[in-house]
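# Reading the structure
If you want the building blocks of each chain, they are given just below.
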Amino acid sequence: MAREHPLMPHATAEWLVDNSTLSFDQIADFCGLHILEVQSIADETAQHRHIPRDPIEAGELTREELKTGEGDPKYKLVISKGPEQQARTKGPRYTPVSKRVDKPEGIAWIVQNHPDIPDSKIGKLIGTTKNTIQAIRTKTHWNMENITPKDPVALGLCSQRDLDALVAAAAAKAGIELTDPKFETDRAALLAELKAERDAAKVAAEEAAHAEAMGIEPGVEAVKADETPAFVDPWAKT
């Protein structure tokens, strides 16, 4: 079982460096940090500075435990059981603020290209509310004039795998058999290419057979017997 450490190890280490006589080894062990990290905090050479966090006030360390550690440099501090961390309740998937402005465009793309996907599924995929989706479906969204449908995968709102799974599930429920447009296009192009090659080979075979019958090189047209040259050079050597 992994050993428990303070919720904010670097901030706690800052407080212990400033407010206790614990050794760097003890602070590093208690906070789950490398001793060099604690050293850089003490020397104020750490890349980032943190607001010191009092582990006693946070309920992660008792004063008695701290005094015991200060009296014995080899003693390893034992973390107290702090308050239970509040778990995130179920709801729409969290989306960074920088991506939230793209949500309406991603929703509009799904509604336009896959109208059979339920609002509840779109909300879970994109991380939005049913009211927003419904407003975009009915074109009553307050910013509808500025919303341009864009692929939510390209916008970074969801993964291609999740979107494909959602589309496949909605199609299966509606009794629709999905086909890959790219596959069909490539298949048609391949068939056309094979047909062209077959036709070219047939023409080449006919020309070769005709040339063999006429006793000429393939590709060279024979002069018809009833044709006479339009001009005869009298000085030409025969």
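In terms of nonpolar packing, the biggest core is built from 20 residues, with Ile 107, Ile 110, Ile 117, Ile 122, Leu 125, Ile 126 and Leu 163 touching the most fellow members. Where this core is concerned, the elements lending two or more residues are α6 (103-113), α7 (119-126), α8 (130-137) and α9 (160-174). Ranked by residues supplied to this core, first place goes to α6 with 5 residues. Within the second largest apolar cluster, 16 residues are counted, among which are Trp 15, Leu 22, Ile 41 and Leu 61.

So, about the packing of α6 against α7. At a closest axis distance of 11 Å, the pairing of α6 and α7 adopts a crossing angle of 140°. As judged from the angle between their axes, α6 and α7 are oblique. The handedness of the crossing between α6 and α7 is right-handed. Across from Lys 103, Ile 107, Ile 110 and Val 111 in α6, the residues of α7 making contact are Ile 122, Leu 125 and Ile 126.

This part is about α9. In this model α9 runs 21 Å from its N-terminal to its C-terminal C-alpha over 15 residues, within 8% of the 21 Å that 1.5 Å per residue would give. For α9, every residue scored as buried is listed here: Leu 163, Leu 166, Val 167, Ala 170 and Ala 171. Summarising the axial view, the buried residues of α9 lie within an arc of 130°, below the 170-degree limit, and thus occupy one face. Facing away from the buried side of α9, by more than 90 degrees, are the exposed residues Arg 161, Ala 172 and Lys 173. Where α9 is buried, its residues contact α6 and α7. Trailing α9 by a residue or two, Gly 175 shows a phi angle of about 75°, which is positive.

Relative to each other, helix α2 (residues 24-31) and helix α3 (residues 35-42) sit at 115°, their axes nearing to 8 Å. The two elements α2 and α3 meet at a crossing, and its hand is right-handed. Contacts between α2 and α3 pair Phe 24, Asp 25, Ile 27 and Ala 28 from the former with Ile 35, Val 38, Gln 39 and Ala 42 from the latter. Residues of the contact of α2 with α3, tallied by class, amount to 6 nonpolar, 1 polar and 1 charged.

Of the residues in the chain, 74% have a pLDDT of 70 or more, and the chain-wide mean is 79. Between the elements of the chain, mean pLDDT differs from a low of 54, seen in helix α5 (residues 97-100), to a high of 94, seen in α2. Scored below 50 in pLDDT, residues 222-226 makes 2 contacts in the model with residues more than four places away or belonging to other chains.

On to the pattern of salt bridges, then. Applying the stated criterion across every chain, the model contains 3 salt bridges. Here Glu 60 makes a salt bridge to Arg 53, at a shortest N to O gap of 2.9 Å. In terms of burial, Glu 60 and Arg 53 fall into one category: buried. Arg 137 serves as the salt-bridge partner of Asp 119, at 2.6 Å between the closest nitrogen and oxygen.

Our focus in this paragraph is the side chain of Ser 20. Relative to the assigned elements, Ser 20 resides in the loop between α1 (9-19) and α2. Using a relative accessible area of 15% as the deciding quantity, one classes Ser 20 as buried. A distance of 2.5 Å separates a polar side-chain atom of Ser 20 from the backbone oxygen of Leu 16. Side-chain polar atoms of Ser 20 contact the backbone nitrogen of Leu 22, separated by 3.4 Å. Excluding its chain neighbours within four sequence positions, the residues that come into contact with Ser 20 are Trp 15, Leu 66 and Glu 70.

Conventions and cut-offs
Residues numbered from 1 in each chain as written. Predicted model: local features only at pLDDT ≥ 70, side-chain atom pairs only at ≥ 80, totals over all residues. Heavy atoms only, no water. Core = buried A, V, L, I, M, F, W, Y, C linked by side-chain atoms within 4.5 Å. Buried < 20%, exposed > 50% of the residue type's maximum accessible area, 1.4 Å probe, protein only. Helix = DSSP H or I, 4+ residues; strand = E, 2+ residues; numbered from the N terminus. Axes fitted to C-alpha atoms, helices over the stretch in contact; angles between N-to-C directions. Parallel < 35°, antiparallel > 145°, perpendicular 65-115°, else oblique. Left-handed = near helix turned anticlockwise from the far one by under 90°. Contact = heavy atoms within 4.5 Å. Expected span 1.5 Å × (residues − 1). Arc of directions from axis to C-beta. Nonpolar A, V, L, I, M, F, W, Y, C, P; charged D, E, K, R; others polar. pLDDT = per-residue confidence, 0-100. Salt bridge = Lys/Arg side-chain N within 4 Å of Asp/Glu carboxyl O. Polar contact = N/O pair within 3.5 Å; in protein donor to acceptor, adjacent residues only side chain to side chain.

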